[in-house]
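Tertiary structure, described
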Amino acid sequence: MSRQLRLEKEKLLRQIEQQRLDLANSAAHWIEVTAPYDRGWLKILEMRKFLVLGSSLIAVYGVRHPSRMIRWSRRALSAWGTFRLFRRTFSSR
């Protein structure tokens, strides 16, 4: 009976060790996959001062000239759509 318990204990310890190795491997893979997102987020945090200043200036300009803001926002959206269309069209080849 004692021998059987010892074999079962060894089996469970090997299983735990394998699970720990799998977990460490998965953690390393997760860090590798999310690294570009982390770099992008850090870049946004570095530019926070400029984004706040720029958005404030755009808000003041939008209050003073609402029709121009609407016109420029439409132009920006259309340019963005055109850019996406070209990117999708030419990247598929």
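Residues numbered from 1 in each chain as written. Predicted model: local features only at pLDDT ≥ 70, side-chain atom pairs only at ≥ 80, totals over all residues. Heavy atoms only, no water.

All right, on to the pattern of salt bridges then. Scanning the entire structure with this criterion turns up one salt bridge. In this structure, Glu46 engages Lys43 in a salt bridge whose closest nitrogen and oxygen atoms are separated by 3.9 Å. Residue Glu46 and its partner Lys43 are located together in helix H1 (residues 2-46), separated by three residues, close to a single helical turn. For Glu46, a relative accessible area of 53% gives the class exposed. (Salt bridge = Lys/Arg side-chain N within 4 Å of Asp/Glu carboxyl O. Helix = DSSP H or I, 4+ residues; strand = E, 2+ residues; numbered from the N terminus. Buried < 20%, exposed > 50% of the residue type's maximum accessible area, 1.4 Å probe, protein only.)

This part is about a nonpolar patch on the surface. A cluster of nonpolar side chains, contributed by Trp41, Leu42, Ile44, Leu45, Met47, Phe50 and Leu51, occupies part of the molecular surface with about 720 Å² of accessible area. The set of elements that each furnish at least two residues to the nonpolar patch consists of H1 and helix H2 (48-64). Ranked by residues supplied to the nonpolar patch, first place goes to H1 with four residues. Of note, Phe50 is situated in helix H2. (Patch = residues over 30% accessible without salt bridge, like charges linked within 9 Å, V, L, I, M, F, W, Y side chains within 5 Å. Areas by Shrake-Rupley, 256 points an atom, 1.4 Å probe, with all protein chains shown as cover.)

Helix-helix packing is characterised by the crossing angle of the two axes and by the distance between the axes. Running from N to C, H2 and helix H3 (residues 66-91) cross one another at 120°; their axes reach a closest spacing of 5 Å. When the axis of H2 is compared with that of H3, the two are oblique. Mapping the contact onto sequence places Ile58, Tyr61, Gly62, Val63 and Arg64 in H2 and Pro66, Arg68 and Met69 in H3. (Axes fitted to C-alpha atoms, helices over the stretch in contact; angles between N-to-C directions. Parallel < 35°, antiparallel > 145°, perpendicular 65-115°, else oblique. Contact = heavy atoms within 4.5 Å.)

As a further point, take the side chain of Thr34. Mapping Thr34 onto the fold places it in helix H1. Judged by relative accessible area, Thr34 falls into the buried class, the value being 15%. Within the local environment of Thr34, its side chain forms a polar contact with the backbone oxygen of Trp30, the two atoms lying 2.9 Å apart. (Polar contact = N/O pair within 3.5 Å; in protein donor to acceptor, adjacent residues only side chain to side chain.)

So, on to the confidence of the model for the protein chain. Predicted coordinates in regions of low pLDDT should not be interpreted in detail. The share of residues in the protein chain with pLDDT of 70 or more is 97%, and the mean pLDDT across the chain is 92. Within the protein chain, the element-level pLDDT minimum falls on H2, averaging 91, and the maximum on H1, averaging 94. (pLDDT = per-residue confidence, 0-100.)

Below, the discussion takes up the packing of aromatic side chains. Taken as a whole and assessed by the stated rule, the structure comprises two aromatic pairs. A ring pair is formed by Trp80 and Phe83, whose centres lie 5.6 Å apart and whose planes are at 35°; its orientation type is tilted. Of the two residues, Trp80 and Phe83 both sit in helix H3, three residues apart, roughly one turn of that helix. Its relative accessible area of 42% is what places Phe83 among the partly exposed residues. Ring centres of Phe86 and Phe90 lie 6.0 Å apart, and the angle between their planes is 15°; this geometry places the pair in the stacked category. Remark: Phe90 and Phe86 occur in helix H3; sequence separation between them is four residues, near one turn of the helix. Looking at Phe90, the relative accessible area reads 52%, which means it is exposed. Over the ring of Trp72 we find Arg75; its NZ or CZ atom is 4.7 Å from the centre of that ring. (Phe/Tyr/Trp six-rings, centres within 6.5 Å; stacked < 30°, edge-to-face > 60°. Lys NZ or Arg CZ within 6 Å of the ring centre and 35° of its normal.)

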